[in-house]
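Coordinate inspection notes
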Amino acid sequence: MKICIIVSNFYPKISKLLIKGAVTELKKNKISDFDIIRVPGTFEIPVIISNVIKKYKGFIVLGCVIKGKTSHFDYLCSSVINSLASLSIKSKKPIGNGILTCNNEKQALNRADPLKKNKGGEAANATISVLNIIK
């Protein structure tokens, strides 16, 4: 079962923690066949999935969007989440969502840290669980 992790590198420190959590969970579940694709930001994630959708059984998407002083945050988050849901339904493949939507960097680091909230690990477990259900 080949899995693809797609990670936004916009906040490298946060992304590194999310990847660590996701990879740890994959290994705990004896999944060693996975690729990691890095993209500049979260907006690029859906187009990458749509281009590689046939190569993988499931996806784990990781990244972070931190709310600023404009409405860009709302448009970006809605666009990406709606695109991911549509891709998942149309392809009938799970996409574990580990894209953090936070108010500040401190909150993001807490949610990304595998020793704290471990949202990368949660996204990996979501993908694994759905794959096991649809086997």
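Read on for a plain summary of the structure.

Scoring rules and cut-offs
Going along each chain's sequence as written, the residues are numbered from 1 onward. Since the coordinates come from a predicted model, pLDDT governs what is reported: local features require at least 70, and pairs of side-chain atoms require 80 or more to be given and counted, while whole-chain, interface and lining totals use all residues. Side-chain metrics in this entry use all non-hydrogen atoms of the structure; hydrogen atoms and water are not considered. Buried residues are those whose accessible area, probed at 1.4 Å on protein chains only, stays under 20% of the maximum for their type, while exposed residues exceed 50% and partly exposed ones sit between those limits. Starting at the N terminus, helices and strands are each numbered in turn, a helix being any DSSP run of H or I of at least four residues and a strand any DSSP run of E of at least two. Two strands are said to pair when DSSP picks up at least two bridges between them. Handedness is read with the strands pointing away from the viewer; a crossover is right-handed when the path from the first strand over the helix to the second is clockwise. Patch criteria: residues need more than 30% relative accessible area and no salt bridge. Like-charged residues are merged within 9 Å; nonpolar side chains of Val, Leu, Ile, Met, Phe, Trp and Tyr are merged within 5 Å. Values of accessible area rely on a 1.4 Å probe in the Shrake-Rupley scheme; residue burial ignores everything except the protein chains shown. Salt bridges, as used here, are contacts in which a Lys or Arg side-chain nitrogen is within 4 Å of a carboxyl oxygen on Asp or Glu. What we call a nonpolar core is a set of buried Ala, Val, Leu, Ile, Met, Phe, Trp, Tyr and Cys residues that are connected through their side-chain atoms within 4.5 Å. Pairing of aromatic side chains here covers Phe, Tyr and the six-membered ring of Trp, requires ring centres within 6.5 Å, and sorts the geometry by plane angle: under 30 degrees stacked, over 60 edge-to-face, intermediate tilted.

**Things to note about the pairing of strand β1 (residues 3–8)**
Across the six residues of β1, six count as buried, placing the element largely inside the fold. Of the two faces of β1, the one lined by I3, I5 and V7 and the one lined by C4, I6 and S8 are each fully buried. By the bridge criterion, six bridges tie β1 to strand β2 (residues 34–39) in an arrangement that is parallel. Opposite I5, over in β2, you have I36 as the bridge partner. With helix α1 (residues 12–28) bridging β1 and the parallel β2, this β-α-β connection has right-handed handedness. Strand direction decides the pairing type here: β1 and strand β3 (residues 58–66), joined by five bridges, are parallel. Across the sheet, the residue bridging to I6 is V61, located in β3.

**Examining a nonpolar patch on the surface**
On the surface, V130, I133 and I134 cluster together to form a nonpolar patch covering roughly 290 Å² of accessible area. The class for I133 is exposed, based on a relative accessible area of 69%.

**Points about the nonpolar core**
Counting residues in each nonpolar core, the largest one holds 23 residues, and the members touching the most others are I5, I14, L26, I60, L62 and L100. Mapped onto this core, the elements with two or more residues apiece are β1, α1, β3, β4 (95–102), α4 (105–112) and α5 (119–134). Per element, the largest residue contribution to this core is six residues, and it comes from α1. With 19 residues, the next largest nonpolar core counts I6, V39, V52 and L87 among its residues.

**Quick notes on the packing of aromatic side chains**
Counted according to the given criterion, the structure contains two aromatic pairs. A centroid spacing of 5.0 Å and a plane angle of 80° characterise the contact between F10 and Y11, whose relative ring orientation is edge-to-face. On the basis of relative accessible area, F10 is assigned to the exposed category, the value being 54%. Given the relative accessible area of 25%, Y11 is considered partly exposed. Ring centres 5.7 Å apart and planes at 65° place the aromatic pair Y56 and F59 in the edge-to-face group.

**Side note on unusual backbone geometry**
Positive phi is not limited to glycine here, since K30 has a value of about 60°. Turning to its location among the elements, K30 is positioned in the loop between α1 and β2. Residue class for K30 comes out exposed when judged on its relative accessible area of 77%. Residue N118 is not a glycine yet carries a positive backbone phi of 50°. Inspection of the secondary structure puts N118 in the loop between α4 and α5. For N118, a relative accessible area of 14% gives the class buried.

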